Number of protein chains: 2
Amino acid sequence: MQRKNLEANGWKVSDTAEFLNLSPEEAAYVELKLALSKALQELRKSKKITQVDLAKRIKSSQSRVAKMEAADNSVTVDLMLRSLFALGASRKKVVGMLG
Amino acid sequence: MQRKNLEANGWKVSDTAEFLNLSPEEAAYVELKLALSKALQELRKSKKITQVDLAKRIKSSQSRVAKMEAADNSVTVDLMLRSLFALGASRKKVVGMLG
DNA sequence: TTGAAATATGTCAAATTTGACATACATTTG
DNA sequence: CAAATGTATGTCAAATTTGACATATTTCAA
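Residues numbered from 1 in each chain as written. Chains lettered and ligands numbered in written order. Predicted model: local features only at pLDDT ≥ 70, side-chain atom pairs only at ≥ 80, totals over all residues. Heavy atoms only, no water.

## Some words on the protein's contact with DNA strand C
Alright, step 1. Surrounding DNA strand C, one finds 18 residues, the nearest of these being Gln51(A), Gln62(A), Ser63(B), Arg64(B) and Thr76(B).
Alright, step 2. Atoms of DNA strand C within 4 Å of the protein belong to the sugar or the phosphate in 48% of instances, the rest to bases.
Alright, step 3. With respect to DNA strand C, the side chain of Arg64(B) contributes an N or O atom lying 2.8 Å from a base nitrogen.
Alright, step 4. Thr76(B) places a polar side-chain atom, nitrogen or oxygen, 2.6 Å from a phosphate oxygen of DNA strand C.
Alright, step 5. Considering each element in turn, the surface near DNA strand C owes the most residues, four residues, to helix α5 (residues 62–69) of chain A. (Near = heavy atom within 4 Å. Polar contact = N/O pair within 3.5 Å; in protein donor to acceptor, adjacent residues only side chain to side chain. Helix = DSSP H or I, 4+ residues; strand = E, 2+ residues; numbered from the N terminus.)

Printed below as a string of structure tokens:
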């Protein structure tokens, strides 16, 4: 069940940490990953590029790109960062998107 | 051979990208990793903690911590981020160290 | 609508990363 | 100087992540 659904059903889910009741450090990591996934999707869309196109650029697959943008736990921050850089984002921009 | 040695021998190595002649996106990724490794070592030392101690905190091993701080290519950004958070760094602090 | 393009989700063998260990090297302390 | 403590480096089986694929679902223009 997704957060959206929960909220639609009347739940109030403030943040991911509380939702999954993670330790503070696990929470910080997960939230950073979430920020990266959003940044990735935003940047890709802003460039009018499809998941298939991005996949080709990074020599991966559409499904993996989808998982990155969904912050799936089978995906590493490394791959997300590489993707952002492959989309032409500078270090400053990436840091800014996380800031 | 390390950069230090090269420089001691008279080479001028300006940055990692040039040194390893990486593509811009590979370079950005490697340099981010380098920044993380430095941040990790600095934070650990500032807390007067040994590699062994940090290893225990993150349920890893001294050798892996050493490799993180050396930005070894057998280590992921994920592990480095988890380590920074385990040392009590906030997201803001981590981002700041990268900025 | 309807069909095509884009995205999501599940699975899996192959590739990479992991903690653990041994051991070499470095630094500090007595 | 030792010896003790801390760090570096190499190796490996086990664990995780990977790209690829199939297929389901969503989005959107005709």
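Let us keep going from here.
## Some remarks on the packing of helix α3 (residues 24–46) of chain B against helix α7 (residues 91–98) of chain B
All names here are of chain B.
Alright, step 1. Where α3 contacts α7, the axes come no closer than 9 Å and their chain directions differ by 125 degrees. In terms of orientation, α3 lies oblique with respect to α7. Judged by the sense of rotation from one axis to the other, the crossing of α3 with α7 is right-handed. Here Leu32, Ala35, Leu36, Ala39 and Leu43 of α3 lie close against α7, whose contacting residues are Lys93, Met97 and Leu98.
Alright, step 2. Its residues placed into classes, the contact of α3 with α7 shows seven nonpolar, no polar and one charged. (Axes fitted to C-alpha atoms, helices over the stretch in contact; angles between N-to-C directions. Parallel < 35°, antiparallel > 145°, perpendicular 65-115°, else oblique. Left-handed = near helix turned anticlockwise from the far one by under 90°. Contact = heavy atoms within 4.5 Å. Nonpolar A, V, L, I, M, F, W, Y, C, P; charged D, E, K, R; others polar.)

## Some words on the confidence of the model for chain A
Alright, step 1. Mean pLDDT over chain A: 86, with 80% of residues reaching 70 or higher.
Alright, step 2. Here residues 1–14 of chain A is modelled with pLDDT under 50, and outside its nearest four sequence neighbours on either side it reaches twelve contacts, counting other chains as well. (pLDDT = per-residue confidence, 0-100.)

## Quick notes on the interface of chain B and chain A
Alright, step 1. Residue-level contacts link 17 residues of chain B with 17 residues of chain A.
Alright, step 2. Buried surface at the junction of chain B and chain A, summed over both partners, amounts to about 1800 Å²; 65% is from carbon and sulfur atoms.
Alright, step 3. The largest share of the area that chain B buries against chain A comes from Tyr29(B), Phe85(B) and Arg91(B), three residues that together contribute 33% of it.
Alright, step 4. At the surface where chain B touches chain A, the tally comes to zero salt bridges.
Alright, step 5. Our count for the chain B to chain A interface comes out at seven residue pairs in polar contact (both at pLDDT 80 or more).
Alright, step 6. Taken together, the elements giving at least two residues each to the side of chain B that touches chain A come down to α3, α6 (77–86) and α7 of chain B. (Buried area = accessible area lost by both parts, 1.4 Å probe. Salt bridge = Lys/Arg side-chain N within 4 Å of Asp/Glu carboxyl O.)

## Details of the protein's contact with DNA strand D
Alright, step 1. Taken together, 18 residues lie near DNA strand D, and Ser60(A), Ser63(A), Arg64(A), Thr76(A) and Gln51(B) sit nearest.
Alright, step 2. With respect to DNA strand D, the backbone of Ser74(A) contributes an N or O atom lying 3.0 Å from a phosphate oxygen.
Alright, step 3. Within the side chain of Thr76(A), an N or O atom sits 2.6 Å from a phosphate oxygen of DNA strand D.
Alright, step 4. The set of elements that each furnish at least two residues to the surface near DNA strand D consists of α5 of chain A together with α5 (62–69) of chain B.
Alright, step 5. It is α5(B) that contributes the most residues to the surface near DNA strand D, four residues altogether.
Alright, step 6. Broken down by class, the residue content of the surface near DNA strand D amounts to three nonpolar, ten polar and five charged.

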